[in-house]
Amino acid sequence: MRRAREGSEISLAFLDVICCGFGAIILLLMITKENLPTILEPSLEEVVAELARRQEAINEILGITEELKRAKVETEADLEIEVQKLAKLLDELDELTSEFENLREMTVEQQATLADLREARQQLTEEQIALLGDNYVRKDDTIGGIPVDSEYIIFVIDTSPSMQRIWGSVVRKFEEVLNIYPVVKGLQVLNDNGQHMFTRSPGEWLRDTPSRRKTIKTVLRSWKAQSNSSPVEGVTAAIETYYDPKKQISIYVFGDDFMGRSVESVVDYIDSINVADKQGNRRVRIHAIGFPGYMSPSGQPYPNLFKLSSLMRELTVRNNGTFVGLPRL
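This section reports on the structure supplied with the text.

Cut-off values and rules
The numbers attached to residues start from 1 for each chain and follow its sequence in the written order. Only residues with pLDDT of at least 70 get local features here, since the model is predicted, and only at 80 or more are side-chain atom pairs given and counted; chain-wide, interface and lining totals rely on the full set of residues. Hydrogen atoms and water are omitted, and side-chain values are computed over all heavy atoms in the structure. Only strands that DSSP links by at least two bridges are regarded as paired with each other. Strands here are runs of E lasting at least two residues and helices are runs of H or I lasting at least four, both read from the DSSP assignment and numbered beginning at the N terminus. To define axes, lines are fitted to C-alpha atoms, for helices over the stretch in contact only, and angles between the resulting N-to-C directions are given on a 0 to 180 degree scale. The contact rule is simple, with two residues in contact once any of their heavy atoms fall within 4.5 Å. By convention, a stacked pair of Phe, Tyr or Trp rings (six-membered ring in the case of Trp) has centres within 6.5 Å and planes under 30 degrees apart, an edge-to-face pair has planes over 60 apart, and any other such pair is tilted. Three labels apply to residues, based on accessible area from a 1.4 Å probe with only protein chains included: buried if under 20% of the type maximum, exposed if over 50%, partly exposed otherwise in between. Sitting over a ring, as applied to charges here, requires NZ of Lys or CZ of Arg to be within 6 Å of the ring centre and within 35 degrees of the ring normal. A carboxyl oxygen of Asp or Glu within 4 Å of a side-chain nitrogen of Lys or Arg is what we treat as a salt bridge. Working rule for angles: under 35 degrees goes down as roughly parallel, over 145 as roughly antiparallel, 65 to 115 as roughly perpendicular, anything else as oblique. Crossing handedness follows the turn of the near helix against the far one: under a right angle anticlockwise gives a left-handed crossing, and clockwise gives a right-handed one. Amino acids outside the nonpolar list (Ala, Val, Leu, Ile, Met, Phe, Trp, Tyr, Cys, Pro) and the charged list (Asp, Glu, Lys, Arg) are all regarded as polar, and Gly is one of them. Patch membership is restricted to residues that have no salt bridge and whose relative accessible area is over 30%. Joining uses 9 Å for like charges and 5 Å for the nonpolar side chains Val, Leu, Ile, Met, Phe, Trp and Tyr. Areas reported here follow the Shrake-Rupley algorithm with a probe of radius 1.4 Å; residue values treat only the protein chains shown as occluding. Working definition of a nonpolar core: buried Ala, Val, Leu, Ile, Met, Phe, Trp, Tyr and Cys residues. They are joined through side-chain atoms within 4.5 Å. Within 3.5 Å is the distance limit for a polar contact, defined as a pair of N or O atoms, with the added protein rule that one can donate a hydrogen and the other accept it, and that residues adjacent in sequence qualify only through two side-chain atoms. By definition here, a helix of n residues has an expected span of 1.5 Å times n minus one.

1. Thoughts on the sheet that holds strand β5 (residues 249-255)
Spatially, β4-β3-β5-β6-β7 is the arrangement adopted by the 5 strands of the open sheet, whose pairing is parallel. Two strands lie at the open edges of the sheet, namely β4 (186-191) and β7 (323-325), each paired on one side alone. Strand-to-strand twist in this sheet, taken as the mean axis angle between neighbours without regard to direction, amounts to 15°. Across 6 bridges, the pairing between strand β3 (residues 152-157) and β5 is parallel. Within β5, the position partnered with V156 by the bridge is V253. Against the sheet, helix α3 (residues 167-179) engages β3, β4, β5 and β6 (284-290), with an angle of about 170° to β3.

2. Description of the packing of aromatic side chains
Summed over all chains, the structure comprises 7 aromatic pairs. Between W205 and Y242, the aromatic rings sit 4.8 Å apart at their centres with planes inclined by 50°, giving tilted as the arrangement. Remark: Y242 occurs in helix α5 (residues 232-242) and W205 occurs in the loop between β4 and α4 (210-221); sequence separation between them is 37 residues. Accessibility expressed as a relative area gives 22% for W205, which makes it partly exposed. Among the aromatic residues, those joined into a ring-pair cluster are F155, F174, Y181, Y252, F254 and F291. Here the guanidinium or amino end of R212 rests over the ring plane of F198, the centre of that ring lying 5.6 Å away.

3. What to know about the pattern of salt bridges
Under the definition given, this model contains 12 salt bridges. Note that R53 and E50 form a salt bridge whose closest N and O atoms lie 2.3 Å from each other. Placement of both R53 and E50 in helix α1 (residues 2-132) is noted, with a separation of 3 residues, approximately one turn of the helix. Of the charged contacts, one joins D208 and R213 as a salt bridge, the two residues approaching to 2.7 Å between their closest N and O atoms. Residue D208 is classed as buried on the basis of its relative accessible area, which comes to 12%. Taking relative accessible area as the criterion, R213 reaches 11% and is therefore assigned buried. Overlapping salt bridges, with partners in common, bring together D268, D271, R282, E314 and R318 in one network.

4. Points about the packing of α3 against α4
Where α3 meets α4, the closest approach of the two axes is 10 Å, and the angle between their N-to-C directions is 160°. It follows from the interaxial angle that α3 and α4 lie roughly antiparallel. In terms of crossing hand, the pair formed by α3 and α4 is right-handed. Residues W167, V171, F174, E175, L178 and N179 of α3 touch α4, and the partners they reach there are R213, I216, K217, L220 and R221. Taken together, the residues of the contact of α3 with α4 break down into 6 nonpolar, 1 polar and 4 charged.

5. Here we look at a nonpolar patch on the surface
Residues I18, F22, I25 and I26 make up a contiguous nonpolar surface patch of roughly 370 Å² in combined accessible area. Here I18 lies in helix α1. Take I18: its relative accessible area is 31%, and that puts it in the partly exposed class.

6. Observations regarding the nonpolar core
F155, I157 and F254 are the most contacted members of the largest nonpolar core, which has 29 residues in total. Where this core is concerned, the elements lending two or more residues are β3, α3, β4, α4 and β5. I251, V266, I270 and L308 belong to the second largest nonpolar core, which has 25 residues in total.

7. Re the side chain of N319
Along the chain, the position of N319 falls in the loop between α7 (303-318) and β7. Side-chain polar atoms of N319 contact the backbone oxygen of L315, separated by 2.7 Å.

8. Here we look at the packing of α5 against helix α6 (residues 263-273)
Running from amino to carboxyl end, α5 crosses α6 at an angle of 10°, the nearest separation of the two axes being 10 Å. By the angle between their directions, the pair α5 and α6 is classed as roughly parallel. Residues V232, V235, T236, I239 and E240 of α5 form the contact with α6, whose own contacting residues are V266, Y269, I270 and I273.

9. A few points about α3
The terminal C-alpha atoms of α3 lie 18 Å apart, and with 13 residues this matches the ideal 18 Å at 1.5 Å per residue to within 8%. When we look at burial in α3, the residues that qualify are W167, S169, V170, V171, F174, E175, V177 and L178. Contacts made by the buried residues of α3 are with β3, α2 (161-164), β4, α4, β5 and β6.

In structure tokens form, the structure reads like this:
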């Protein structure tokens, strides 16, 4: 009886232990289940908040990127403007440097020119003393009778075959006339048909530099532009293209022939485009040099040479200039 009771007591104790273990497990499960939402809910909120923060950071970065893009575009535009300004300044510096070099180069040439002018003045003075007396005073600023007060000069040169036969003399006379102007503000060269020596320069003044003068002389030596052996078109083109009431301009006409019919009509037309002021002075002076190139086989000049002389004499008188007829070369 006692053994049976002891076995029964052991069985009951084992069941109690098992029950207690299941109870503990159920209790743990209940505790864990109740705390799980408490743990998950803050994590989701943090994730949402983190996502919001990151989205805000992304938007901020995008905004900064757009600002940087705009700043880049503005900077590139400003840089382009500055580059253009720098290029302009460099051009101005090159121009000033060139002018400085030209002025330095001209010093020697000017000294030689001044020496020639002094010699010419002394010779003229001696002639004046002999012819006009000791008290004679020149009334205008001239060299050899030609006023040299103009700041801009235009050459209108007959390039016809008759002039080509004496072209070496034409080039020498051109150089002599150009040399009486040590420096001018602008110059141009046309032929008697009004064609420019430099075809890209119509309407523009060529800058007067030693290198430019050298180039003009070089081109002139082989210049054979089409010509009708009449200076009217060239003089007209020179006045109509370059007339400026604010500029002192002189035109030098080189020719040996005038093929036109009427001297009077040419003179009247030039009067209409080279208008005189109230004192009768005209802004464009017209000078002329007549060459004895249009000669007959016997050595006598053709009548057209006399027509040229009549035209140029009248034009130069009316337009405050001087006509020089060369008796021989």
